[in-house]
Amino acid sequence: MSGAAPKKDPVAVEAEVREKIHLEILKRTGAYHANDHVLLPSGQHTTEYIEKTLVTTEPSFTEGLGGVIAKHFAQWPVDVVLSTGPGALILSHCVARAHPSRPVVVYGAKGLSRGKRRVTLPAEFQRLLRPGTKVLLIEDLVSSGTTLNLLIELVEQLGAHVVGVGCLWRRTSVEVDGKPVFSLVSRDFPTYNPEECPLCRKGVPLNEEFVRRSGHRRPSSVQEPNPS
Ligand SMILES: [Zn+2]
């Protein structure tokens, strides 16, 4: 060995190691698929996929990861932890439980209005978000950032203040309206148009199971019988 290799910043190395551990934890929930050839709802192809609904199925993992997010934001007082969607709500409970300010947990509802995404805060929660209230936003996965930006707008509309954003996973290309974002895993993976996809060119079979839900991928449901 000759020549002095530039020494890596120990803080950066530690962050890298921690990110690997968090990714391993997400893999153990079965949510994370790597080295695959996946069809995305957008019609593009990619090598990695994360099944959002599986991410928070292991309570001890969710509590542990929520604790890491809470620790990161422990130095800032937080009155309210706000999220939308069931997975993010489970995580936000774990974050709030571990944060020294003992914040309350509230959640908005996601919906669509004429093809546009919308976030609504139930009227019962509105007295908890007032001018000056310090709000920590929690998401499970941030892929486009649209929901988070809507949540920020909602909080600011009520005169409250966004302390920061915590999430399990973030696509690194996402910008979130100038707020500090802390993610346990930050990754970006290339997506390809089918005609330019190198995996298609290599003849790797395309995994369509996350888009074309058929057979065993169909949701289970039951229904109340009709009155006879
Ligand atoms: Zn392909």
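Just so you know, these numbers come straight off a predicted model, no measurement behind them. All chains use their own residue numbering, which begins from 1 and follows the written sequence. Predicted model: local features are reported for residues with pLDDT of at least 70 only, side-chain atom pairs are reported and counted for 80 or more only, and whole-chain, interface and lining totals are derived from all residues.

Draft legend 1. Just the overall build of the chain, in detail. By the criteria applied, helices consist of DSSP H or I runs no shorter than four residues and strands consist of E runs no shorter than two, each listed in order from the N terminus. Broken down by element type, the chain carries 5 helices and 11 strands. Its C-alpha atoms give the chain principal-axis dimensions of roughly 75 × 55 × 35 Å. Here the chain holds 228 residues, and 29% of them are scored as buried. Labels follow a simple rule on C-beta atoms placed from the backbone: if 20 or more others lie within 10 Å of a residue's own, it is buried; if 12 or fewer, it is exposed; otherwise it is partly exposed.

Draft legend 2. Representation of the environment of Val119. Structurally, Val119 can be placed in strand S7 (residues 116-120). Distance from Val119 to Lys179, taken between C-alpha atoms, is 19 Å for residues 60 residues apart in sequence. Distance between backbone-placed C-beta atoms decides contact: two residues are in contact if it is within 7 Å. Apart from the residues within four sequence positions on either side, Val119 is in contact with Thr84, Gly108, Lys110, Thr147, Leu150, Leu151 and Leu154.

Draft legend 3. Region of the structure containing helix H3 (residues 86-98). For H3, which comprises 13 residues, the first-to-last C-alpha distance of 19 Å matches the rise-based estimate of 18 Å (1.5 Å per residue) to within 8%. Inspection of H3 places Gly87, Ala88, Leu91, Ser92, Cys94, Val95 and Ala96 among the buried residues, and these make up the whole buried set. Looking at the packing, one finds that the buried side of H3 touches helix H2 (59-72), strand S5 (80-84), strand S6 (104-113), strand S8 (134-142) and strand S9 (161-171). Expected helix span is computed as 1.5 Å times (number of residues minus one).

Draft legend 4. Highlighting the packing of H2 against H3. The axes used here are C-alpha line fits, helices contributing only the stretch in contact, and every angle between their N-to-C directions lies in the interval 0 to 180 degrees. Between H2 and H3, whose axes approach to 8 Å, the crossing angle comes to 55 degrees. Overall, the two elements H2 and H3 adopt an arrangement that is oblique. In the crossing of H2 with H3, the sense of the turn from one axis to the other is right-handed. When H2 is examined against H3, the residues Thr62, Glu63, Gly66, Gly67, Ile69 and Ala70 are found in contact with a partner set consisting of Ile90, Leu91, Cys94, Val95 and Ala98. Amino acids are sorted into nonpolar (Ala, Val, Leu, Ile, Met, Phe, Trp, Tyr, Cys and Pro), charged (Asp, Glu, Lys and Arg) and polar (every other residue, Gly among them). A breakdown of the residues in the contact of H2 with H3 according to their chemical character gives 7 nonpolar, 3 polar and 1 charged. For classification purposes, an angle smaller than 35 degrees is called roughly parallel, one larger than 145 roughly antiparallel, one from 65 to 115 roughly perpendicular, and anything else oblique. In this scheme, a crossing is called left-handed if the near helix is turned counterclockwise away from the far one by less than a right angle; it is called right-handed if the turn is clockwise.

Draft legend 5. Fine view of the nonpolar core. What makes a nonpolar core is a set of buried Ala, Val, Leu, Ile, Met, Phe, Trp, Tyr and Cys residues, with links drawn between C-beta atoms within 7 Å. The biggest cluster of nonpolar side chains holds 46 residues, and the ones touching the most others in it are Leu82, Val135, Leu137, Val155 and Leu168. Those residues in contact with Val155 that lie beyond four places of it in its chain are Leu82, Leu129, Val135, Ala160 and Val162.

Draft legend 6. Summary view of the sheet that holds S8. Across the sheet, which stays open at both edges, the 6 strands sit in the order S7-S6-S5-S8-S9-S10 with mixed pairing between neighbours. Two strands in the sheet have a free side with no partner beyond their single neighbour: S7 and strand S10 (181-187). Here the average twist between neighbouring strands, direction ignored, is 20 degrees. Any two strands with at least two DSSP bridges between them are considered paired. Judged from the 5 bridges that link them, S6 and S7 form a sheet pairing that is antiparallel. By the bridge assignment for S7, Lys110 is matched with Val119. Running over the sheet, H2 touches S9 and S10 and is turned about 135 degrees from S10. Along the sheet face, helix H4 (residues 146-157) touches S5, S6, S7, S8 and S9 and points at about 45 degrees away from the line of S7.

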